[in-house]
Amino acid sequence: MNIKLADSWLREHLNSKASPQEIAKYLSLSGPSVESLKRVRVDWVYDIEVTTNRVDMVSVRGIAREAAAILPRFGIEASLAKIPFTPPQRGNMKMPIEIKNDRRLIGRIMAVAISNFENWETPEWMVKRLRLSGVRSLTLPVDITNYVMLETGHPTHIFDLDKLGKKLVVRESKKGEVFVGLDGRKYSLPQGAIVFEDGTGRITDLPGILGAKNSVLTKDSKNALFFIENTDPVRIRRTSMKLAIRTLAATMNEKGVDPRLAELAMIRGVEMFAKLAGGTVSSNMVDIYPAPKAIKTITLEHGFINERMGLKIPKLEINKILTALEFTVSWRGQKLSVTPPSFRAQDVEIPEDIVEEVARIWGYQNIPPKLMGGALPEIPHEKGEFALEGSIREKLVLLRGVEVYTQSLVGEKDSKSLELKNPLGADSKYLRTTLGPSLTAAANENLREKKFHLFEIANVYLRRRGRLPEEKMMLAGIFAGYNIREAKGVLATLGKHVAESIEQIDNYLFYEVPVGELKDILKPKLYAPIPKYPPQVEDITFKFASRPRAGEVLSSIANTKLVGEAELRYIYKKAYTFRIYYQHPDKTLTNSEVEKIRTGIINVVTGDFGGELA
Amino acid sequence: MDREITNLRNQAIAEINESKSLPSIAQIRIKYIGKKGSLGLITKRIWAAPERERKRLGILINETKAVILTALAERRVEFEKPQNDTDLTLPGTKHEVGHKHLITQTIEEVENIFRQIGFVRRRYFEVEWDWYAFEALGFGPDHPARDEWETYTIKQNVHPKLGGMLLTPHTSGGQVREMERARPPIRMLNISKTYRRQSDSTHTPMFHQFEGLVIDKGINISHLRGTLEYFAKSFFGHERETRIRPYNFPFTEPSFEVDVNCKRCRGKGCSVCKGGWHEVAGAGMVHPVVLANGGVDAKVYSGFAFGMGIERIAMMRAELGDLRQIYSVDLRYLRQF
């Protein structure tokens, strides 16, 4: 996810003379990626991509902390500004609402009543900062909750305390329950969303995602409830996705916000309500935190860091880097124990995570690129499938074939087709079992051309019971404007049976064969001695009364004993001229020997195929 | 008679050397070699010579004939040579040729680049079990990549151990498959079709990726950088630079994003790049959990992996802006590559 924040705001938390350009550049190299830096009047705005494991950086404070650790490695002084930590004053009233938590749904709740707001107008500087972060200003108290969220990294909320009823019960929603958001939209809830209700069944909030219309704080509200809840990220994600409510709070909460940040958010909020809105704390502070998670300490060897980085990094540097990121470090000999700060506890768990922290702050650019040595892997020789496909392509391209890539998801199906559960449309619902329809469509898109040959090598997918489908690599192609002799001539370079597989689709000639059947192409060639004696060559023309099977006639001639080679030379009306090469391996054939062979051929062509010597 | 034959030969060669055109060569041939030519006439007179001389004279005549024929042939070749006044600016005649697809060309080039440093090409499944595509790679049950609007799933019974059947959204599924096939040292290049449920100007539902996986003793970040730099310089040009930046993937730790500097602005930042750089790949050191799922001892071996889009690098180099154009079947596009 991305967070946008103003440079002026960042500077309240970061002491450094670094220019915005330097901050953007060095953060990108060693921390979160700054996707853009834009000037807005006197301020600058960073647009920063934060990876899902680092929700702690979806905050001004989090980014400042990173910058303070990163900039010194580039020779620029920087430190994280201290926040004056004044615990809020306790109010007189006992919390007037009974809060009943369900610890499976919410890990921590902090709440306090705030009363007597005097000012509802948000100061200009806050409106601007919120706007630069993409948040629209509403009323001052609501703006403060958003401001605190962006600053500290923990979402916060404010209710009209008097609209909540006597109780605030945390529970799971039932399927179909209706919730009306503060935007006035009605939502039908799925089973298992986290909701607050008032004890009578009335839902008063969809915590962590969106406030409810019936509990919203307005200018005529007397008492407010400032409320910070640390919700179960999985439920937040499911509900937010299902209802398509993608508020900033929801996108943060679904990533697992650190419950310990709630304190900081609470202090900042209370402070700002007092300072800017004149609101005073009117109740005791509620803090329900049944099971704080212990933070895991990770132990690893100094050598492990060196090995993974491919260089030696001094202990002192490791200390400096980890301490700047607020990790606690202790050494015993070569052994290192590291405890991450609470806001990093969920993404730093194994020694490799420590390597990452040290390596990125040390600077990936300072790790020299080097090719690995070592033994080479064993090469699987069994198939040679890639060489075969390459060879087929070479041959077809030499004969003017043009290769296409078409989509494997199609609208047609047969008995072997696999079907998608979630297709994008009806025309891409099945995995194809033949390339036919795709290639026909491709040919149809080129009707302005007179003559072409398109081909493709791609898998088809044939369903098998209880197993993955057979992914069968096919060669398929389509000829437009070719006659059958030309098309077969092209395919004969791949093998006779490819040529024979041609069928007619519309005005096209189409073929499709499994690539695996063409393995002979790769067979090493054997030398055949060049005949020592010249062949006798002659053309014989036959006429056929009915439709001749010219291919069969030719192979019959070619298979005649002492015929070295035969080809079909011309077709003129019903007359077919064959060229015959008479060849004896060991001698020159005499005229009378040729005569004998010729007679045999003529007898077969006239007798078996109905030809007549022309 | 010997002298007569020799004279004839010398005379013929002189005439051949002085001849000025192809027709005159033909005439010379008729004059000396033709049926009624001079050599023919002499041959007929062999019978008049003493018997013991006949054989020798015959050989001499044949030799003379051969010499004259050779001279004729050589002279003919000279006449057939291009003349100095050929118009060298004449345009060539056009020959139509076939075309391998841009994607194929890119795949073959990638394969060749990696083969030189010992990578073995593989092609793992397009239809894959959830285990290989997600679970074994450390994707949690609620990871966004598993959403039904991200990854295509197949209507098929769920396998008791391997989970649902899906169209693989990345070539990373080949990592565990390769570890199951071979023991380290591993240098795999898995190139295959991949699928995501998206269709717009920067996404097609079907696309191609290649995945590099190296596992051996002592593999570290500098090896990953070296391999990526070797590839980028081989593919994009030796003057191009690479860098890695922190990122996050479930199956690598640490994880990186890989950038190549922009050809146009050389890293300064311009309208076609992102601050001077192009993102080209995701990468990282193989997560110990993934090694374990592939049956590799993470205490002994370490590794790195990277994944890149074939279309992406092909488009960058061909300066082709719209991804959907890559899958056009229009011959006017196909013939450009």
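This text goes with the structure placed above it.
Throughout what follows, the structure given in this document is the object of discussion. (Residues numbered from 1 in each chain as written. Chains lettered and ligands numbered in written order. Predicted model: local features only at pLDDT ≥ 70, side-chain atom pairs only at ≥ 80, totals over all residues. Heavy atoms only, no water.)

A few words now on the overall build of chain A. Secondary structure assignment for chain A yields 17 helices and 31 strands. Whereas a compact globule of 614 residues would reach a radius of gyration of roughly 25 Å, chain A reaches 39 Å, over 25% beyond that. Dimensions of chain A, computed from the C-alpha atoms along their principal axes, are close to 130 × 60 × 50 Å. Within chain A, contacts between residues at least 6 apart in sequence are counted, and of these 68% link residues at least 24 apart. Here chain A carries 89 positive and 75 negative side-chain charges, and the mean point of each set is 1 Å from the other. (Helix = DSSP H or I, 4+ residues; strand = E, 2+ residues; numbered from the N terminus. Rg over C-alpha atoms; globule rule 2.2 N^0.38 Å. Contact = heavy atoms within 4.5 Å. Lys, Arg positive; Asp, Glu negative; His and termini not counted. Charge placed at Lys NZ, Arg CZ, Asp CG, Glu CD.)

When helices and strands are tallied, chain B shows 12 helices and 9 strands. Computed over the C-alpha atoms, the radius of gyration of chain B is 37 Å, more than 25% above the 20 Å expected from 2.2 N^0.38 for a compact globule of 337 residues. Sorting the 337 residues of chain B into buried and exposed places 53% on the buried side. Expressed as a percentage of contacts within chain B between residues at least 6 apart in sequence, the contacts between residues at least 24 apart total 66%. With the model as given, the accessible surface of chain B reaches about 16,100 Å², and the carbon-plus-sulfur share is 52%. (Buried < 20%, exposed > 50% of the residue type's maximum accessible area, 1.4 Å probe, protein only. Areas by Shrake-Rupley, 256 points an atom, 1.4 Å probe, with all protein chains shown as cover.)

The next point concerns a positive patch on the surface. Residues and elements named next belong to chain A. On the surface, a cluster of positive charge is made up of Lys 413, Lys 416, Arg 463 and Arg 465. Following the sequence through the fold, Lys 413 ends up in the loop between β22 (409-410) and β23 (430-431). Residue Lys 413 is classed as exposed on the basis of its relative accessible area, which comes to 57%. (Patch = residues over 30% accessible without salt bridge, like charges linked within 9 Å, V, L, I, M, F, W, Y side chains within 5 Å. Salt bridge = Lys/Arg side-chain N within 4 Å of Asp/Glu carboxyl O.)

Okay, the side chain of Thr 106 of chain B next. Relative to the helices and strands, Thr 106 of chain B resides in helix α5 (residues 102-115). With near-sequence residues (within four places) excluded, Thr 106 of chain B lies in contact with Phe 235, Ile 310, Ile 313 and Ala 314 of chain B.

This next bit is on unusual backbone geometry. Omega for the bond connecting Pro 184 of chain B with Pro 185 of chain B falls within 30 degrees of zero, at 5 degrees, which places this linkage in the cis form. Residues Glu 253 of chain B and Pro 254 of chain B are joined by a peptide bond in cis, for which omega reads -5 degrees. Mapped onto the secondary structure, Pro 254 of chain B falls in strand β7 (residues 252-261). Despite not being glycine, Asn 116 of chain A shows a phi value in the positive range, around 60 degrees. You can see Asn 116 of chain A is positioned in the loop between β7 (106-115) and α4 (124-132). For Arg 400 of chain A, which is not glycine, the phi torsion reads 75 degrees and is therefore positive. Relative to the helices and strands, Arg 400 of chain A is located in the loop between α12 (385-398) and β21 (402-403).

Among the nonpolar cores identified, the biggest contains 186 residues, and Ile 305, Met 309 and Ile 354 of chain A together with Phe 210 of chain B are the most heavily contacted of them. At 8 residues, helix α8 (residues 261-277) of chain A tops the list of elements feeding residues into this core. If we skip the residues at most four places from it in the chain, Ile 305 of chain A touches Leu 300, Ile 313, Ile 318, Leu 336, Ile 354, Val 355 and Val 358 of chain A. If you look at the next biggest cluster of nonpolar residues, it comprises 32 residues, including Ala 113, Leu 161, Val 195 and Val 286 of chain A. (Core = buried A, V, L, I, M, F, W, Y, C linked by side-chain atoms within 4.5 Å.)

Right, let's talk about the interface of chain B and chain A for a bit. A common way to express how large an interface is: the accessible area buried when the components associate. Contacts between the two partners involve 86 residues from chain B, matched on the other side by 85 residues from chain A. Counting the surface lost from both chain B and chain A, the interface buries some 7,400 Å², and carbon and sulfur atoms represent 57% of this. Here chain B and chain A share 9 salt bridges between them. The salt bridge involving Glu 394 of chain A is made with Lys 100 of chain B; its shortest N-O contact spans 3.1 Å. Linking chain B with chain A are 40 residue pairs in polar contact (both at pLDDT 80 or more), by the criterion used here. Looking at which element gives the most residues to the side of chain B that touches chain A, the answer is helix α8 (residues 221-236) of chain B, with 8 residues. Looking at the side of chain B that touches chain A residue by residue, the classes come out as 37 nonpolar, 21 polar and 28 charged. (Buried area = accessible area lost by both parts, 1.4 Å probe. Polar contact = N/O pair within 3.5 Å; in protein donor to acceptor, adjacent residues only side chain to side chain. Nonpolar A, V, L, I, M, F, W, Y, C, P; charged D, E, K, R; others polar.)

As a general point, the strands of a sheet are linked pairwise by backbone hydrogen bonds and lie either parallel or antiparallel. Residue and element names in this part refer to chain A. Overall, mixed pairing links the 5 strands, which are arranged β6-β9-β12-β13-β14 in an open sheet. Lying at the two open borders of the sheet, with one neighbouring strand each, are β6 (98-100) and β14 (210-211). Note that strand β9 (residues 167-172) and strand β12 (residues 194-197) share 4 bridges and pair antiparallel. By the bridge assignment for β12, Val 170 is matched with Phe 196. (Pairing = 2+ DSSP bridges.)

The subject of this paragraph is the sheet that holds strand β19 (residues 328-332) of chain A. Residues and elements named next belong to chain A. The strand order β18-β20-β19 describes an open sheet built from 3 strands, whose pairing is antiparallel. The sheet is open, and its two borders are formed by β18 (298-301) and β19, each paired with just one other strand. Strand-to-strand, the axes of this sheet are offset by a mean angle of 25 degrees, without reference to chain direction. Here 4 bridges tie β18 to strand β20 (residues 335-339), and the two strands are oriented antiparallel to one another. Among the inter-strand pairings, Ile 298 is bridged to a residue of β20, identified as Val 338. (Axes fitted to C-alpha atoms, helices over the stretch in contact; angles between N-to-C directions.)

What follows is about helix α14 (residues 484-492) of chain A. Residues and elements named next belong to chain A. Looking only at α14, the buried set comprises Ala 487, Val 490 and Leu 491. Taken end-on, α14 shows its buried residues confined to a sector of 95 degrees, consistent with a single buried face. Buried residues in α14 make contact with α12, β24 (452-464), β25 (467-480), α15 (496-500) and β27 (508-514). In this structure Asn 483 caps α14, since a side-chain oxygen of it lies 3.0 Å from the backbone nitrogen of Arg 485. (Arc of directions from axis to C-beta.)

The next thing to look at is the pattern of salt bridges. Enumeration over the complete set of coordinates arrives at 72 salt bridges over all chains. The network of salt bridges with shared partners includes Glu 35 of chain A together with Arg 243, Arg 245, Glu 257, Asp 259, Lys 274 and Glu 279 of chain B.

What follows concerns the packing of aromatic side chains. Per the counting criterion, the structure on display carries 28 aromatic pairs over all chains. On the numbers, 5.0 Å between centres and 85 degrees between planes, the contact of Phe 235 of chain B with Phe 236 of chain B is edge-to-face. With respect to class, Phe 235 of chain B is no different from Phe 236 of chain B; both count as buried. Aromatic ring contacts, followed pair by pair, group Phe 114, Phe 119, Phe 210, Phe 231, Phe 235, Phe 236, Phe 304 and Phe 306 of chain B into a single cluster. One residue, Arg 65 of chain A, lies across the ring of Phe 343 of chain A, its end atom 3.8 Å from the ring centre. (Phe/Tyr/Trp six-rings, centres within 6.5 Å; stacked < 30°, edge-to-face > 60°. Lys NZ or Arg CZ within 6 Å of the ring centre and 35° of its normal.)

Residue and element names in this part refer to chain A. In terms of residue burial, β25 counts as a mostly covered element, since 11 of its 14 residues are buried. Bridge count between β24 and β25: 12 bridges; the pairing is antiparallel. Counted as the bridge partner of Glu 456 is Ala 476 from β25. Linking β24 to β25, which pair antiparallel, is a turn of 2 residues; within it Gly 466 sits at a positive phi near 65 degrees. The sheet contact formed by β25 and β27 spans 6 bridges and is antiparallel. Within β27, the position partnered with Gly 477 by the bridge is Tyr 511.

All names here are of chain A. For helix α6 (residues 233-243), the set of buried residues is Arg 235, Ile 236, Arg 237, Thr 239, Ser 240 and Leu 243. Buried residues along α6 sit against β9, β11 (186-188), β12, β13 (203-206), β15 (223-231) and α7 (248-253). After α6 finishes, the residue Ala 244 shows a positive phi value of roughly 55 degrees.

What follows covers the pairing of strand β8 (residues 157-160) of chain A. Residues and elements named next belong to chain A. Residues His 157 and Phe 159 point to one face of β8 and Ile 158 and Asp 160 to the other, with burial holding for every one of them. Inspection of the sheet shows β8 paired to β15 by 4 bridges, in the antiparallel sense. Within β15, the position partnered with Ile 158 by the bridge is Phe 226.

Residue and element names in this part refer to chain B. For Asp 259, the position within the fold is in strand β7. Engagement of the side chain of Asp 259 in a polar contact is seen with the side chain of Arg 243, the distance being 2.8 Å. In contact with Asp 259, not counting residues within four places along its chain, are Glu 241, Thr 242, Arg 243, Arg 245, Trp 277, His 278, Glu 279 and Val 280.

Turning next to the environment of Leu 72 of chain B. All names here are of chain B. Note that Leu 72 resides in helix α4 (residues 51-80). Overall, the relative accessible area of 2% leaves Leu 72 in the buried class. Sequence-wise, Leu 72 and Gln 11 are 61 residues apart; in three dimensions their C-alpha atoms are separated by 13 Å. Beyond its immediate chain neighbours, meaning those up to four positions away, Leu 72 contacts Ile 16, Ile 25, Ile 28 and Arg 29.

Function cannot be inferred from these measures alone, as they are strictly geometric.
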